[in-house]
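As a plain string of letters, each chain reads:
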Amino acid sequence: MNATKRQSTKTFSLYGMLPACALATLLTACATTPPEDPQLMAARSAVDQLEADPLAQQTAGKPLQDARDALAAAESAARERKPQAEIDHLAYLAKRRADIGQAVVDENRARQQMAQAQSQRDAVLLAARERETQVAREQAASAIAQAEISQQQARSAQADAQASAAQAQAAQEELNSLQAKQTERGMVLTLGSNLLFDTGSDVLKPGADDSLNRVAQFLQQHHSIEVRIEGHTDSQGSDSYNDGLSERRAGAVAHALESRGVDSGRVQAVGRGKALPIATNETAAGRQQNRRVEIIFSDLSGQFVSAR
């Protein structure tokens, strides 16, 4: 009997350990799972919502397919671990196209409601003539007015969604023409300090005017975009000297943009000193690459990908 009891206790202990092990594995997996990208989640939700609408296939097939394609591209970029800025841009386009599709659906639904309201109005007018009831006429007029408001709102939402998507695409193309590059920090325009400043100076050269004029013009055309200007140096000299020089140079570029009509509230100036080299400081060519000013552009809502 003792042997049986010991065997039973051993079996119970082994089975008792299994849930704890499984739970520990689950907790470890949960702890290492990266958080879902919020813009991708929002895009997926918008596409799912459009797909679930019974009128979507009938009235908004093209925007729905465009939204699906953009979402698929965003999810593919996420799986391939492409730069976050690229994933966010694709997710933004997917959501905008889903919004366009939803606006088309809403407009058609409002049109149906208006037709139904018109039919109700006719029926109510007939009843009113039969019953000579003024209240019925007022109810019919109210139903039509509400349907017209719904249709106008749907048209407005569709126009806003289309304009937002077009603005995002136009801004991207203009930044490409400025030779800004897509990075994990968003779109970044890099200007060599030798093109902007004399050695050791924080006074802008006249030759910098063309580049700064183009940046200022872009910002004046896209009022919701902000910029962060970062000054960088090579490793020559002390930390305090490089920090001060990089900060003054970033400030000089910021002041130049403000003098060209850019609101100072949209411009941040930061000195990074020698902390973030992009090339080796062991060679003259590498040090020249490190001496630079970077202009980092926010998205259309004024948000930066990273505040590094």
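In what follows, the accompanying structure is described. (Residues numbered from 1 in each chain as written. Predicted model: local features only at pLDDT ≥ 70, side-chain atom pairs only at ≥ 80, totals over all residues. Heavy atoms only, no water.)

By the definition in use, this model includes one aromatic pair. Ring geometry for Phe218 against Phe297: centres 5.6 Å apart, planes inclined by 90 degrees, an arrangement best described as edge-to-face. With Phe218 in helix 8 (residues 209–221) and Phe297 in strand 5 (residues 292–297), this pair connects stretches of sequence that are 79 residues apart. Given the relative accessible area of 3%, Phe218 is considered buried. (Phe/Tyr/Trp six-rings, centres within 6.5 Å; stacked < 30°, edge-to-face > 60°. Helix = DSSP H or I, 4+ residues; strand = E, 2+ residues; numbered from the N terminus. Buried < 20%, exposed > 50% of the residue type's maximum accessible area, 1.4 Å probe, protein only.)

This part takes up the pattern of salt bridges. Within the structure shown, the criterion is met by 20 salt bridges. Here Glu51 makes a salt bridge to Arg68, at a shortest N to O gap of 2.7 Å. Highlighted residues: Glu51 in helix 2 (residues 38–52) and Arg68 in helix 4 (residues 61–79), separated in sequence by 17 residues. Accessibility expressed as a relative area gives 28% for Arg68, which makes it partly exposed. A salt bridge links Arg109 to Asp106, with the nearest nitrogen and oxygen atoms 3.7 Å apart. Residue Arg109 and its partner Asp106 are both found in helix 5 (residues 84–131); the two are separated by three residues, about one turn of the helix. With relative accessibility at 26%, the residue Arg109 sits in the partly exposed group. In the salt-bridge network here, residues are joined through shared partners; they are Arg185, Arg228, Glu230, Arg272, Arg292 and Glu294. (Salt bridge = Lys/Arg side-chain N within 4 Å of Asp/Glu carboxyl O.)

The next thing to look at is the sheet that holds strand 2 (residues 186–192). Spatially, five strands are ordered 1-2-5-3-4 in an open sheet, and the strand pairing comes out mixed. Because the sheet does not close on itself, it has two edges, and the strands there are strand 1 (181–183) and strand 4 (267–273). Neighbour to neighbour, the strand axes of the sheet diverge by 30 degrees on average, direction disregarded. Pairing analysis gives three bridges linking strand 1 to strand 2, with the strands arranged antiparallel. The residue of strand 2 that forms the bridge with Thr183 is Gly186. Its contacts with the sheet place helix 8 against strand 2, strand 3 (227–232) and strand 5, and it is angled at close to 15 degrees to strand 5. (Pairing = 2+ DSSP bridges. Axes fitted to C-alpha atoms, helices over the stretch in contact; angles between N-to-C directions. Contact = heavy atoms within 4.5 Å.)

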